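# Reading the structure
Residue strings, one per chain:
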Amino acid sequence: MSLTDNPRPPLPSWITDAYEVLSTRIVGSSTGHDGVPAIDRERAVTVLTGVEELALERVDAEHAITRLLERGYLYEVDGELRVTSRSD
């Protein structure tokens, strides 16, 4: 996608790295409340702060989740984070 299609700058690599960790965990998880793969938001923060390669503090993990929600990489239902389906 070119910048003319999306004028917003790309997310920093550490946030996309956090997305990769979370999306893998979500897709590989047992399902959420209504049968859709999901992870509790608090659990997601714990996962991100526990990944040595990311070396994120709690505030950084929360910021990454917020940015991923704002940009549509994830969405939240009843405190659970889910991966947004891509329309490739």
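Preceding this paragraph is the structure being described.
All values derive from a computational prediction rather than experimental measurement.

## Looking at the packing of helix H1 (residues 13–27) against helix H2 (residues 41–50)
For any two helices packed against each other, one specifies the crossing angle of their axes together with the interaxial distance. Where H1 contacts H2, the two axes come as close as 10 Å, and the packing angle between them is 125°. The angle between the axes of H1 and H2 places the two elements in the oblique class. Here H1 runs over H2; the crossing is right-handed. When H1 is examined against H2, the residues Ala18, Val21, Leu22 and Arg25 are found in contact with a partner set consisting of Arg43, Ala44, Val47 and Leu48. Residue composition of the contact of H1 with H2, by class: six nonpolar, no polar and two charged.

## Digging into the pattern of salt bridges
Per the counting criterion, the structure on display carries five salt bridges. Between glutamate 62 and arginine 58 there is a salt bridge, with its nearest N and O atoms 2.9 Å apart. Here the residue glutamate 62 and the residue arginine 58 both occupy positions in helix H3 (residues 58–70), the gap between them amounting to four residues, near one helical turn. Residue glutamate 62 is classed as partly exposed on the basis of its relative accessible area, which comes to 31%. The class for arginine 58 is partly exposed, based on a relative accessible area of 41%. Of the charged contacts in the structure, one is a salt bridge between glutamate 80 and arginine 82, with a shortest N-O distance of 3.5 Å. Residues joined by salt bridges that share partners form a network here, namely Glu42, Arg58 and Glu62.

## A few points about the packing of H1 against H3
Running from N to C, H1 and H3 cross one another at 85°; their axes reach a closest spacing of 10 Å. Relative to H3, the element H1 is oriented roughly perpendicular. Across from Trp14, Ile15, Ala18, Tyr19 and Leu22 in H1, the residues of H3 making contact are Asp60, His63, Ala64, Ile65, Arg67 and Leu68. Partitioning the contact of H1 with H3 into residue classes produces eight nonpolar, one polar and two charged.

Scoring rules and cut-offs
- Residues numbered from 1 in each chain as written.
- Predicted model: local features only at pLDDT ≥ 70, side-chain atom pairs only at ≥ 80, totals over all residues.
- Heavy atoms only, no water.
- Axes fitted to C-alpha atoms, helices over the stretch in contact; angles between N-to-C directions.
- Helix = DSSP H or I, 4+ residues; strand = E, 2+ residues; numbered from the N terminus.
- Parallel < 35°, antiparallel > 145°, perpendicular 65-115°, else oblique.
- Left-handed = near helix turned anticlockwise from the far one by under 90°.
- Contact = heavy atoms within 4.5 Å.
- Nonpolar A, V, L, I, M, F, W, Y, C, P; charged D, E, K, R; others polar.
- Salt bridge = Lys/Arg side-chain N within 4 Å of Asp/Glu carboxyl O.
- Buried < 20%, exposed > 50% of the residue type's maximum accessible area, 1.4 Å probe, protein only.

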